[in-house]
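Remarks on the overall topology
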Amino acid sequence: MRAALVTLAADTDHENEDFAAAAAPGAAVLLDGAGVAGAETGCSHGVAWFSATLGGLLLSAVTSRPTRPLTDCLADAIDNVRRLHEGTCDLVHRASPTSTVVAVRVGAEAVEYLVLGDSSLLLADKGGAVTPVSDRRLDEVGRQLRGPLDSLPTGTPEHARALAEYRDALTGRRNRPDGFWIAGPDPSAAEHALAGTLPRSALASVTLLSDGATRLVDRFELASWREALDVINSPGPEELIRSIRAAEADDPDGRRWPRGKAHDDATVLHWRLA
C-alpha cells in the first residue's frame, strides 16, 4: 500500500477519543468504541483504551498472518485484549467496553473484508457501482426499543433519562442471537461478523466509516452512497464530515432526525486501490 492513496479524516470529542483507525501495508482497520462517558463499566482502562488496543492488535494480526481469515484474526485480537486486563477488570460487567470493527486486507489477487457492529464499508468497483456493507442488526434492535426516546427533544433532561433506559435495554441484547453482535470480552463475537472476499482487480477503492460518518446517507437521507463517495473522492472526507455537521446543526433538538446524540464522532478512512 502506498500511503499517498490513503486518506483519514476524523471529527471527535477530543477529550474522549474512543475510535481507532490505522493502515499498514496491505491492511486497514477502523474501530468505534461504545460506552457512556463517566459511566461505570467495570474496566479501569476505559473504552478508548479498549478500542485502541484492540485496533492495534487486530492490524498486527491481519498483516502478520496473511493467510488467516479475518474473523479468526479478530477473535485472536479480542482474546489477547481480554488477557491483558482480565486480572484487573470485571469483564462480565454489563457495560464492559465494546467496539465496532471494520477491517480490510488487500492482497495481490483479492480483497478481504470484515464488518461487525454499526460501522460500514463502501466497496467501489471500477465501473462506478458502490456497494455498502453495513451491519444493520443493531439498528433493527434499536428500532424495537427507541420509541420513547425518539419522541423527546435531544439534549433535554427527559431525553437523557430515556437515553439511559434505552442504552440499558440495548446492552441486554448485546452479543445474543436475538440481538446484535459487537467486539467485547468474548472472542466468539467475531464468528458473527459480516465477511467476504472480492477480486482486487474489480475494485477502485474501499472506504471504512464509523456510524457518525454515515449519517448523511443512512439517517438523514440527504445523499446516496454514490454521492457520499463522490464527496470523499473530491474534495475529500473532511467535506463529507462538514456536511454531516451542518445537517446536525440544522436539527439540534432531533425533531427532524431523532437520534441519541446531537453530534456523533465521525471517522472516515478512504483507500484508493492502485
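Up top is the structure these notes are about.
Analysis parameters
Residues numbered from 1 in each chain as written. Predicted model: local features only at pLDDT ≥ 70, side-chain atom pairs only at ≥ 80, totals over all residues. Heavy atoms only, no water. Helix = DSSP H or I, 4+ residues; strand = E, 2+ residues; numbered from the N terminus. Buried < 20%, exposed > 50% of the residue type's maximum accessible area, 1.4 Å probe, protein only. Arc of directions from axis to C-beta. Contact = heavy atoms within 4.5 Å. Phe/Tyr/Trp six-rings, centres within 6.5 Å; stacked < 30°, edge-to-face > 60°. Pairing = 2+ DSSP bridges. Salt bridge = Lys/Arg side-chain N within 4 Å of Asp/Glu carboxyl O. Axes fitted to C-alpha atoms, helices over the stretch in contact; angles between N-to-C directions. Parallel < 35°, antiparallel > 145°, perpendicular 65-115°, else oblique. Nonpolar A, V, L, I, M, F, W, Y, C, P; charged D, E, K, R; others polar. Left-handed = near helix turned anticlockwise from the far one by under 90°.

1. Re unusual backbone geometry
Where the residue is not glycine, phi is negative for most of them; where a peptide bond is considered, it is trans in most cases. With an omega of 15°, the peptide bond between Ser234 and Pro235 qualifies as cis. Assignment of secondary structure puts Pro235 in the loop between helix H7 (225-233) and helix H8 (237-250). Backbone geometry at Asn175 places phi at a positive 55°, although glycine is not the residue there. Positive phi, close to 55°, is recorded for Glu221, a residue that is not glycine. Counting through the fold element by element, Glu221 comes out in the loop between helix H6 (215-218) and H7.

2. Quick notes on H7
Every buried residue of H7 is accounted for by Trp225, Ala228, Leu229 and Ile232. All buried residues of H7 project into a common sector of 95° when viewed along the axis, lining one side. Those residues of H7 that are buried lie in contact with strand E6 (120-125), strand E7 (130-134), strand E9 (203-209), H6, H8 and strand E10 (266-272).

3. Focus on the packing of aromatic side chains
Applying the stated criterion across every chain, the model contains 1 aromatic pair. With centroids separated by 4.3 Å and ring planes inclined at 35°, the aromatic side chains of Phe220 and Trp257 adopt a geometry described as tilted. Residue Phe220 is located in the loop between H6 and H7, and its partner Trp257 is located in the loop between H8 and E10; the two are separated by 37 residues in the primary sequence. When its relative accessible area of 8% is taken as the criterion, Trp257 is described as buried.

4. A short note on the pairing of E6
Along E6, 5 of the 6 residues are buried, which leaves the element largely enclosed by surrounding structure. Summarising the sheet, E6 and E7 pair through 5 bridges and their orientation is antiparallel. Looking at the pairing, Leu121 lines up with Val133 of E7. Where E6 lies against E9, 6 bridges are found, and the strand directions are antiparallel. Note on E9: the bridge partner recorded for Leu121 is Leu208.

5. Overview of the environment of Ile241
Within the secondary structure, Ile241 sits in helix H8. Residue Ile241 is classed as buried on the basis of its relative accessible area of 6%. Placed 25 residues apart in sequence, Ile241 and Ala266 show a C-alpha to C-alpha distance of 6.7 Å. Once you skip the residues sitting within four places of it in the chain, Ile241 turns out to touch Ala9, Ala10, Asp11, Ala266 and Val268.

6. Observations concerning the pattern of salt bridges
One pass over the structure, following the stated rule, counts 20 salt bridges. Its salt-bridge partner being Arg146, residue Asp150 comes within 2.9 Å of it at the nearest N-O pair. Look at Arg146 and you get buried, because its relative accessible area is 11%. Residues joined in a network through salt bridges with shared partners are Asp11, Arg215, Arg245 and Glu248.

7. Considerations on the packing of H7 against H8
The geometry of H7 relative to H8 is characterised by a closest axis approach of 6 Å and an angle of 125° between their N-to-C directions. Classified by the interaxial angle, the pair formed by H7 and H8 is oblique. Note on element contacts: H8 touches H7 through Pro237, Glu239 and Leu240, opposite Ala228, Val231 and Ile232. By residue class, the composition of the contact of H7 with H8 is 5 nonpolar, no polar and 1 charged.

8. Remarks on the packing of helix H3 (residues 137-145) against helix H5 (residues 157-171)
Remark: H3 packs on H5, axes separated minimally by 10 Å, with the N-to-C direction vectors making an angle of 130°. As summarised for this structure, H3 and H5 are arranged oblique, according to the angle between their axes. Every pair of crossing elements has a handedness; the one defined by H3 and H5 is right-handed. Of H5, the residues touching H3 (which contributes Leu138, Val141, Gly142 and Leu145) are Tyr166, Ala169 and Leu170.

Geometry only, nothing functional implied.
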